[in-house]
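# Structural characterization, general
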Amino acid sequence: VTGTSQVSLSYALEDALQSSYRIIGTKSGKHITGTGFLVERPSIAGKPRRTVLVTAAHVLDEITENKARLVLRVSDKDFDGATVRKELPFTIRSDLRKYYFKHSELDIAAIAVSPPPGNFLPFIPLDQVLDGSPSSKRLVRLGREIWVASYPIGFEGNSQGHAIMRRGTIASIPSILFETKK
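What this report covers is the structure whose coordinates are included nearby. Just so we're clear, the structure is a prediction, and the values are computed from it rather than from any experiment. (Residues numbered from 1 in each chain as written. Predicted model: local features only at pLDDT ≥ 70, side-chain atom pairs only at ≥ 80, totals over all residues. Heavy atoms only, no water.)

## What about the overall build of the protein chain?
Within the protein chain one finds 3 helices and 12 strands. Here the protein chain holds 182 residues, and 31% of them are scored as buried. Residue pairs in contact within the protein chain that sit at least 24 positions apart in sequence constitute 58% of those at least 6 positions apart. For the protein chain, the exposed surface amounts to about 11900 Å²; the carbon and sulfur share of it is 55%. (Helix = DSSP H or I, 4+ residues; strand = E, 2+ residues; numbered from the N terminus. Buried < 20%, exposed > 50% of the residue type's maximum accessible area, 1.4 Å probe, protein only. Contact = heavy atoms within 4.5 Å. Areas by Shrake-Rupley, 256 points an atom, 1.4 Å probe, with all protein chains shown as cover.)

Structure below.
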């Protein structure tokens, strides 16, 4: 990465790994798993701060149960403050009403979650989430090296529920670089 030291890259990768969480649900008795990250939306116009889980829309669409679970890592006072894996159930729909919002064209969904107070939950600041701005478009380019925190085939990186960091290269021209005309 141009202009980035190996040390600062390591810190950035650790932050991304700490901010990634596993989503678990079921479809016809089969486990569905996905990866999401938490964003803290600041309070605006009298509305309180919200914790928002962002994931691929297909993950929540495939879960047929009304509830899913979010794997959290929390500091547990019963274990001398050690970080332990905990699952937080959250409601994604009530019969036919979805509680999550999907982008109209992209495979992205967001849902408000209510983690218990006092837990160790790193968030991604809202201003660090890529959007369609010119600066975002400069970051997403053909040939650019990328790192992705995920749970391949449902595996967790350790007993605390961390994701597995994978590395790759953007191998085709991303559609984010082009305006879509309707």
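## Concerning the pairing of strand β4 (residues 67-76)
Most of β4 sits inside the fold, with 7 of its 10 residues counted as buried. Both strand β1 (residues 20-27) and β4 contribute to a ladder of 3 bridges, which runs antiparallel. Bridge pairing in β4 links I23 to L70. Bridge analysis of β4 against strand β5 (residues 82-91) gives 10 bridges, and the strand direction is antiparallel. In the sheet register, L70 faces β5, and the bridge partner there is L88. (Pairing = 2+ DSSP bridges.)

## Comments concerning the nonpolar core
With 22 residues, the main nonpolar core has I23, L53, L70, F90, I92 and I111 as its most contacted residues. For this core, the elements supplying multiple residues, two or more each, are β1, β2 (30-41), α2 (57-62), β4, β5 and β9 (109-113). For this core, the element with the most residues is β4, which contributes 4 residues. Aside from chain neighbours lying at most four places away, what touches F90 is I23, L53, N66, K67, A68, R69, L70, I111 and V113. (Core = buried A, V, L, I, M, F, W, Y, C linked by side-chain atoms within 4.5 Å.)

## A short note on the side chain of H162
Summarising the element assignment, H162 is placed in the loop between β11 (145-150) and β12 (164-169). Residue H162 is classed as buried on the basis of its relative accessible area of 9%. Within the structure, the side chain of H162 is placed 3.1 Å from the side chain of N158, a separation counted as a polar contact. In contact with H162, not counting residues within four places along its chain, are L17, Q18, R73, Y151, E156 and G157. (Polar contact = N/O pair within 3.5 Å; in protein donor to acceptor, adjacent residues only side chain to side chain.)

## Topic: the pattern of salt bridges
This model, assessed by the stated rule, comprises 7 salt bridges. We note a salt bridge from R22 to E156, for which the minimum N-O separation is 2.8 Å. Of the two residues, R22 sits in strand β1 while E156 sits in the loop between β11 and β12, which places them 134 residues apart along the sequence. Note that D61 and K102 form a salt bridge whose closest N and O atoms lie 2.9 Å from each other. On the criterion of sequence distance, the pair formed by D61 in helix α2 and K102 in strand β8 (residues 101-102) is long-range, its members being 41 residues apart. (Salt bridge = Lys/Arg side-chain N within 4 Å of Asp/Glu carboxyl O.)

## Let's talk about the environment of R49
Here R49 shows up in the loop between β2 and β3 (50-55). Discounting chain neighbours no more than four positions away, the residues touching R49 are E40, R41, P42 and S43.

## A closer look at the side chain of T55
With respect to the helices, strands and loops of the structure, T55 is situated in strand β3. T55 sits in the buried class, given a relative accessible area of 7%. Polar contacts involving the side chain of T55 include one to the main-chain carbonyl oxygen of T35, which spans 2.8 Å. Contact partners of T55, with chain neighbours within four places excluded, come to I23, T35, G36, L60, D107, I108 and A109.

## Here's the deal with unusual backbone geometry
Positive phi, close to 50°, is recorded for S28, a residue that is not glycine. Mapped onto the secondary structure, S28 falls in the loop between β1 and β2.

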